[in-house]
Amino acid sequence: MELKEIKEFLHGGDYNPDQWLDRPEVLQDDIRLMKQAGVNVVTLGVFSWSSIEPKEGVFTFEWLDRIMDQMYENGIHVILSTPSGARPPWMAQKYPEVMRTGENRVPMLYGGRENHCESSPIWREKVRLIDEKLSERYAEHPALIMWHLSNEMYGRCYCEKCARNFRKWLQKKYGSIEELNRQYWSSFWSHKYTDFSEINPPARHGETQQHALVLDYHRFYSDLQIDFLEMEKEAVQKYNPRIPVTTNMFNVNCGLNYQKLAKSLDVMSWDSYPRWHCQKDKSTEWENAAGAGFVFDYARALGGKPFYLMESVPSVPSQFEVCKLKRPKMHLLSSMQAVAFGSDSVQYFQWRKSNGAVEKFHGAVIDHNGSADTRVFRDVCEVGARLKDISFIKGTQEKARAAVIYDYDNMLALQEQSGITRKKEFFASQIQRHYEALLKNYVNVDVISQEADFSRYQVIIAPLLYLFKSDTAAKIREFVEKGGSFVMTYYSGLVNENDLCFSGTLSDPVFPPYSLNDVFGVRVMETDAICDDEYNEFTYKGEDYKAFTCCELVETDGAEVLSKYKLDFYQGMCGVSKKQYGEGFAYYIACNTEDAFLYELYRDVLDQAGVSRILDIGYVKDVMIRERGGYIFLMNFSRETRTVTETITLGGYDYIILQK
Ligand code: GLA
Ligand code: ZN
């Protein structure tokens with residue numbers, strides 16, 4: 001289902017008028033100010049359950065009718081949300097089973113949001129009913145352009161109903177308890193099951209060390225949540241199946257498998273809250289922008305078309321350790337970045353700052369002062385105006401020739417396993433670093449899963465692809481054979497999708513990367529971890545680079561050794577290699593290394609593969625360059641002026657858009 005043909009970029013955000021129903025003058029101001037700011041979309045009803053069903057079975061849609069009509073009369077589109085992100089107290093009191101049970105098996109008390117048991121038949125029934133009522137009432141409303149299902153789903157329930165569903169899910173996946181025992185390697189510590197009924201969801205005071213069980217619980221729960229969203233989708237589309245659906249994604253590591261979820265959605269949308277101007281861990285503004293870029297490239301690639309920036313903040317979020325204001329020009333720059341990376345909207349959380357409760361200080365377009373004479377309001381108006389100027393870019397998408405693999409199952413497994421390091425954040429941050437090295441080479445990038453269609457790309461980087469699904473090795477082989485360049489790193493091809501190590505025998509030994517030794521010309525013999533204050537070293541094209549965290553001891557067979565370790569007992573062994581296989585090239589990086597090296601190597605990989613840069617220049621510090629719809633966006637994420645080429649200079653936090 002496609003979004004109604006709208007020529008302009010969407011500009012607007014979460015609008016919660018139900019918090020001001022007793023203040024009609026505020027609601028009048030809202031409409032005037034929205035028009036002034038070039039707002040053409042609002043997301044209504046995200047947490048409105050109490051306002052539309054204040055008592056069980058009593059529905060009060062009249063206020064929403066009025067707002068929907070007013071929006072339409074004023075040319076503002078509506079994305080209407082189902083209210084299942086939170087529930088009214090009456091429901092939890094009457095039906096405690098709708099609440100989640102914690103991993104510690106303690107049922108939660110009423111409060112907060114996103115804390116439901118998706119196995120609860122009552123919760124499902126209540127959500128279905130209210131969704132169908134919304135559909136019945138608004139599915140044909142001319143203001144409605146899209147349904148927004150729930151809000152930022154995440155987390156898990158551990159109640160007995162969920163445990164029962166989990167056992168059924170396992171039974172379906174494995175067929176027999178013997179097969180489950182084989183995949184779980186459960187004779188270790190005598191954890192062999194004799195029946196599915198013996199299996200319980202993981203718990204810190206129970207089982208967490210059978211990694212396959214932990215992975216399966218995450219996957220099961222993600223499937224349960226997707227099934228729940230499918231139920232919501234069916235309900236809202238009951239009276240008009242032509243209205244597309246989305247849900248706001250927000251964290252690639254939130255537990256929900258977005259790769260799978262994407263198949264149930266018509267439009268991908270993302271909530272983005274970089275820590276602008278917070279130099280935490282010495283991160284620069286460019287790195288903050290690259291963090292946002294990564295998820296934008298992920299969201300866009302998930303849908304294979306433009307995505308929607310569903311939430312961002314026009315000033316300052318309230319959930320960070322240090323809540324810094326967006327510096328002048330940053331709001332426009334960060335909004336344009338989303339557009340450059342493929343968003344068809346710039347939307348905010350939220351339109352008007354709430355007067356009370358936890359997010360009362362979370363930045364919004366209109367502050368508590370109610371005034372339009374504010375820096376933030378002027379910034380938002382400017383974004384509205386600039387988006388109008390570039391309407392011709394809306395709906396376009398630029399093909400990326402290079403991709404980085406960030407895979408749901410692989411990340412789950414990396415974060416559970418104990419090897420190399422216990423620092424869970426290490427793994428995601430490594431993938432980000434490889435992505436950044438590509439970004440600095442000024443090419444468009446897709447962030448894809450290992451299930452994606454590789455044939456669309458010329459270069460694929462697979463950092464730490466520890467877990468191989470059943471056809472991954474064959475896909476990589478075929479990709480290289482047919483002319484692709486594939487970069488693999490240390491800690492890849494070690495386990496199957498159940499975190500079970502690939503193993504061999506005397507007559508048929510097996511070395512990582514599994515089943516690809518001939519493609520890469522490498523066999524990994526051992527893996528050394530390196531303490532934080534230590535390093536190894538290697539030289540690439542005359543420059544010395546350091547190796548940190550992990551060095552694999554690799555034997556080569558047919559691969560060209562690009563760099564050798566210079567220190568320790570494995571000095572002289574291969575650190576980086578390249579092998580031609582079929583029509584393509586297979587690169588192997590055996591250690592964690594410096595950003596500067598990755599940048600140089602990827603420059604050579606892209607050149608060899610014939611992937612041309614958007615602008616044929618080297619990386620200009622803090623400057624990001626992306627192409628969309630035949631236009632080049634140059635964005636300076638530094639507060640200093642940057643000279644990009646002889647003719648292009650960008651002032652601090654400035655951007656320009658050039659026709660290609
Ligand atoms: C998320 C939620 C919003 C709000 C913002 C605050 O994105 O979806 O409801 O809580 O965070 O940053
Ligand atoms: Zn449950």
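Predicted model, so just to flag it, every value in this text is computed and none were measured.

1. Details of helix H7 (residues 177-184)
And step 1. Among all positions of H7, only Ile177, Leu180, Asn181, Gln183 and Tyr184 are buried. Buried residues in H7, looked at end-on, bunch into an arc of 165 degrees, giving them a common side.
And step 2. Contacts made by the buried residues of H7 are with helix H6 (160-174) and helix H8 (211-236).
And step 3. Phi for Trp185, located one or two positions after H7, is positive at around 50 degrees.

2. Some remarks on the side chain of Gln350
And step 1. By the secondary structure assignment, Gln350 is in the loop between strand E9 (343-348) and helix H12 (375-389).
And step 2. Take Gln350: its relative accessible area is 2%, and that puts it in the buried class.
And step 3. Side chain to side chain, Gln350 and Ser354 meet in a polar contact 3.0 Å long.
And step 4. Leave out the neighbours within four places in its chain, and Gln350 touches Asp14, Asn16, Gly363, Ala364 and Val365.

3. What to know about empty space enclosed by the protein
And step 1. For the structure on display, the rule yields four cavities of 30 Å³ or more.
And step 2. When its volume is computed, the largest cavity comes out at roughly 110 Å³.
And step 3. If you go around the largest cavity, you meet 14 residues; those closest to its centre are Ser272, Pro274, Trp276, Ser312 and Ser334.
And step 4. Of all the elements in the fold, those that place two or more residues in the lining of the largest cavity are helix H10 (285-303) and helix H11 (330-340).
And step 5. Counting residues per element, the lining of the largest cavity draws most heavily on H11, which supplies four residues.
And step 6. Classifying every residue of the lining of the largest cavity gives seven nonpolar, six polar and one charged.

4. Section: the sheet that holds strand E18 (residues 574-581)
And step 1. Spatial strand order, E11-E10-E12-E13-E19-E18-E17: seven strands in an open sheet with mixed pairing. Edge positions in the sheet fall to strand E11 (445-448) and strand E17 (560-564), since each of these pairs with one other strand and no more. When strand polarity is set aside, the average angle formed by the axes of neighbouring strands in this sheet is 15 degrees.
And step 2. Direction of pairing for E18 relative to strand E19 (residues 584-589): antiparallel, over a ladder of six bridges. The residue bridging Ser577 from the neighbouring strand is Tyr588, located in E19.
And step 3. Packing against the sheet, helix H14 (residues 425-439) makes contact with strand E10 (402-405), E11, strand E12 (459-462), strand E13 (485-489) and E19, and its axis sits at approximately 170 degrees to E10.

5. Quick word on the domain arrangement of the chain
And step 1. Along its sequence, the chain is organised into domain 1 (402-609) and domain 2 (623-659).
And step 2. Each of domain 1 and domain 2 has a C-alpha centre, and the two are 32 Å apart.
And step 3. Every contact between the two is made by six residues of domain 1 and, on the other side, five residues of domain 2.
And step 4. Together, the buried faces of domain 1 and domain 2 total about 500 Å²; carbon and sulfur atoms form 46% of this surface.
And step 5. When the buried area of domain 1 at its contact with domain 2 is split by residue, Leu439, Tyr442 and Asn444 rank highest and sum to 88% of it.
And step 6. Residues of the side of domain 1 that touches domain 2, tallied by class, amount to five nonpolar, one polar and no charged.

6. Some details on the sheet that holds strand E6 (residues 248-249)
And step 1. Ordered by their spatial adjacency, nine strands build an open sheet running E5-E4-E3-E2-E1-E9-E8-E7-E6, and the pairing between neighbours is parallel. Each of the sheet's edge strands pairs with one partner strand only, and the pair in question is strand E5 (245-246) and E6.
And step 2. Where strand E7 (residues 269-271) lies against strand E8 (residues 307-311), three bridges are found, and the strand directions are parallel. Residue pairing in the sheet places Trp270 in a bridge with Leu309 of E8.

7. What to know about the packing of H14 against helix H17 (residues 595-609)
And step 1. The interhelical angle for the contact between H14 and H17, taken along N-to-C directions, is 55 degrees, at an axis separation of 8 Å. Classified by the angle their axes make, H14 and H17 are oblique. Considering how the two elements wind past one another, H14 and H17 form a crossing that is right-handed. Two secondary-structure elements touch here, H14 through Arg433, His434, Ala437 and Leu438 and H17 through Asp595, Leu598, Tyr599, Tyr602 and Leu606.
And step 2. Its residues placed into classes, the contact of H14 with H17 shows six nonpolar, one polar and two charged.

8. Notes on the site of ligand 1
And step 1. In the region of ligand 1, the neighbouring residues are Phe47, Arg113, Asn151, Glu152, Asn248, Asp271, Tyr273, Glu311, Gln319, Phe349, Glu359 and His362.
And step 2. Contacts to ligand 1 include Glu311, whose side-chain N or O atom sits 2.4 Å from an oxygen atom.
And step 3. His362 is positioned with one of its side-chain polar atoms (N or O) 2.8 Å from an oxygen atom of ligand 1.
And step 4. Across the complex, the protein chains shield 96% of the 300 Å² of accessible surface that ligand 1 would expose by itself.
And step 5. Residues of the shell around ligand 1, tallied by class, amount to three nonpolar, four polar and five charged.

Criteria and cut-off values
- Residues numbered from 1 in each chain as written.
- Chains lettered and ligands numbered in written order.
- Predicted model: local features only at pLDDT ≥ 70, side-chain atom pairs only at ≥ 80, totals over all residues.
- Heavy atoms only, no water.
- Buried < 20%, exposed > 50% of the residue type's maximum accessible area, 1.4 Å probe, protein only.
- Helix = DSSP H or I, 4+ residues; strand = E, 2+ residues; numbered from the N terminus.
- Arc of directions from axis to C-beta.
- Contact = heavy atoms within 4.5 Å.
- Polar contact = N/O pair within 3.5 Å; in protein donor to acceptor, adjacent residues only side chain to side chain.
- 1 Å grid on protein atoms, 1.4 Å probe; cavity = no way out; pocket = protein on both sides within 12 Å on 5 of 7 lines; lining within 4 Å.
- Points joined across faces, edges and corners; volume = space filled by probe spheres on them.
- Nonpolar A, V, L, I, M, F, W, Y, C, P; charged D, E, K, R; others polar.
- Pairing = 2+ DSSP bridges.
- Axes fitted to C-alpha atoms, helices over the stretch in contact; angles between N-to-C directions.
- Domains from an automatic or database assignment.
- Buried area = accessible area lost by both parts, 1.4 Å probe.
- Parallel < 35°, antiparallel > 145°, perpendicular 65-115°, else oblique.
- Left-handed = near helix turned anticlockwise from the far one by under 90°.
- Near = heavy atom within 4 Å.
- Areas by Shrake-Rupley, 256 points an atom, 1.4 Å probe, with all protein chains shown as cover.

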